[in-house]
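Architecture and fold: a report
One letter stands for each residue in the lines below.
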Amino acid sequence: MKKNDLKELKEKLFYKKENVFDTRTKKEEKQITDYAKGYMHFLDVAKTEREAVVEGVKMLKENGFEEYVLGGKIVAGGKYYLNNRGKSLFAFVAGTENVENGIRICAAHVDSPRLDLKQHPMFESEGFAYLKTHYYGGIRKYQWVTIPLALHGVVTTVDGESVEVVIGEDECDPIFCITDLLPHLGREQSQKPLGTAHTGEGLNLLIGSQPLEGATEDKVKFNMLKILNEKYGITESDFVSAELTAVPAGKARELGLDRSMIGAYGHDDRVCAYPSLTAIIENKNSEHTLMCILADKEEIGSEGVSGMKCRLIVDLIEEISKNLGGNPNVVRANSMCLSADVSAGYDPNYPEVFEKRNSAIINCGVVMNKYTGGGGKSSTNDASAEYVGQIRKIFKDAGVVWQTAELGRIDAGGGGTVAMYIANQNINTVDLGVAVLSMHAPMEVISKNDLYEAHKALSAFCK
Ligand code: MN
Ligand code: MN
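Residues numbered from 1 in each chain as written. Chains lettered and ligands numbered in written order. Predicted model: local features only at pLDDT ≥ 70, side-chain atom pairs only at ≥ 80, totals over all residues. Heavy atoms only, no water.

The next thing to look at is the coordination of the manganese ion (ligand 2). Between any two of four tetrahedral donors, the ideal angle at the metal is 109.5 degrees; between two of six octahedral donors, it is 90 or 180 degrees. Donor atoms from the polypeptide that bind the manganese ion (ligand 2) are Asp 268 (OD), Glu 299 (OE), Glu 299 (OE) and His 440 (NE2), placed at 2.0 to 2.6 Å. In terms of primary sequence, the donors binding the manganese ion (ligand 2) are separated according to D-x30-E-x140-H. Separating the manganese ion (ligand 2) and the manganese ion (ligand 1) is a distance of 3.4 Å, and Asp 268 donates to both of them. Taken together, the positions of Asp 268 in helix 7 (residues 267-282) and Glu 299 in the loop between strand 13 (289-295) and helix 8 (312-324) put the pair 31 residues apart, joining distant regions of the chain. Of the two residues, Asp 268 and Glu 299, neither departs from the other in class, the shared state being buried. (Donors = N, O, S within 2.8 Å, 3.2 Å for Na, K, Ca; no water. Helix = DSSP H or I, 4+ residues; strand = E, 2+ residues; numbered from the N terminus. Buried < 20%, exposed > 50% of the residue type's maximum accessible area, 1.4 Å probe, protein only.)

By the assigned domains, the protein splits into domain 1 (3-112 + 265-462) and domain 2 (114-248). Distance between the C-alpha centres of domain 1 and domain 2: 34 Å. At the junction of the two partners, domain 1 supplies 17 residues and domain 2 supplies 15 residues. Overall, the association of domain 1 and domain 2 removes approximately 1,300 Å² of surface from exposure, summing both partners, and the carbon and sulfur fraction of that is 51%. Our enumeration of links across domain 1 and domain 2 arrives at four salt bridges. A salt bridge links Glu 169 to Lys 47; the shortest N-O distance between them is 2.9 Å. Tallied by class, the residues present in the side of domain 1 that touches domain 2 amount to four nonpolar, three polar and ten charged. (Domains from an automatic or database assignment. Contact = heavy atoms within 4.5 Å. Buried area = accessible area lost by both parts, 1.4 Å probe. Salt bridge = Lys/Arg side-chain N within 4 Å of Asp/Glu carboxyl O. Nonpolar A, V, L, I, M, F, W, Y, C, P; charged D, E, K, R; others polar.)

Here we take up the nonpolar core. Within the largest apolar cluster, 62 residues are counted, with the highest numbers of intra-cluster contacts made by Ile 262, Ile 391, Phe 395 and Phe 461. A per-element tally of this core places helix 7 first, with eight residues. If sequence neighbours within four positions are ignored, Ile 391 has contacts with Met 336, Leu 338, Met 368, Val 430 and Phe 461. If you look at the next biggest cluster of nonpolar residues, it comprises 31 residues, including Leu 115, Leu 151, Ile 178 and Val 220. (Core = buried A, V, L, I, M, F, W, Y, C linked by side-chain atoms within 4.5 Å.)

With that settled, consider the pattern of salt bridges. The final tally for this structure, using the stated rule, is 28 salt bridges. Lys 87 is the partner of Asp 296 in a salt bridge, and the nearest nitrogen-oxygen pair spans 3.6 Å. Linking Asp 296 in the loop between strand 13 and helix 8 with Lys 87 in the loop between strand 2 (79-84) and strand 3 (88-93), this pair joins segments that are 209 residues apart in sequence. A relative accessible area of 0% places Asp 296 in the buried class. Overlapping salt bridges, with partners in common, bring together Glu 49, Arg 50, Lys 87, Arg 114, Asp 116, Glu 243, Asp 296 and Lys 297 in one network.

Take a look at the structure:
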């Protein structure tokens, strides 16, 4: 064969991973920067699932979505949101086509790993006041000591009054932290395996050291309770009906001399939640019925009334079907879902845990995980060839830069997403999201370009 023919044939036969910088235009660069700005704002105001729901509702309302409560009326062409107990959010657009063609669902989660306060958190020891924590989700404990932490959450008093708490985000606010040993005295600790050097019970949040004037015992704790009472009207008993959590304090930041990346807490999974939300908001007159789900509790197994295992998704699809004149079983069977969650980005510092050919490479676009799981594809949705083919076509037509990946090397570990819980409802589902470095760390890293490709992919799906 001639040299040119061989070249052409090779281009046709071989798979080549695309890199966003190969095709990037000046015009797109501006769009990427602007989109990233909106996303960084979302990161700053939505560090917990509750805050994400508040911000999500705000964005939806501004764009003409109306509140829907179960049992309410839904009309074709209408735009609605269901606020599930302030902890998870369903936005949907009732399509103009036959609802039995199915619903297009983007499902992300808005809870992130963090340190929740225990029910009886406060104690005093040797002149310091502390709050005991119980970690939420898969954290590496050593990463959470000696970093600035903020307190976020809600406290409900016995009278049913709820007070919202955010301390540590404003520049004038105090922050909190968990202390660690100095290296000079850390010889024994340094010998321990990484996962055991810090214990769950050792993650106590330092909150004060000044005693209440005139008090004779529990003087510092006394002072802390007095400060909290003055500011929020709460007492120690109210911690039992509170959801307070310590999260990394501070704002999302551009990362790198070229500002091509974003370093922040909670990319997992806001980096998918935000584009899922903007996809449904920005869609113009899609004939399809669309749904965006921002779920809670993904990091601890998707259980409970705000998790993706809750039957609310089935109930809501039933309500939509009934209102639009369709059989809900048929609607679910014909629905399609992108389970929008992050993927482990290939990290050149740790090549040993990746198999590069099947890894998510930063700046190579949005990532599809046909399956996740671990131990021989256990505990995962595994999307069918046909469904992946269908999604490929949507991305091809929209010019999305995308790649497929597994979650690291076989048997290096593993993980899951909400995909299987949605697929279990007879809905075709595949995982799609952005590659993250240092996933679950107090500061995770993503690429603005990959974020933008996720935005393009999810928007194309919602067309
Ligand atoms: Mn996730
Ligand atoms: Mn996660």
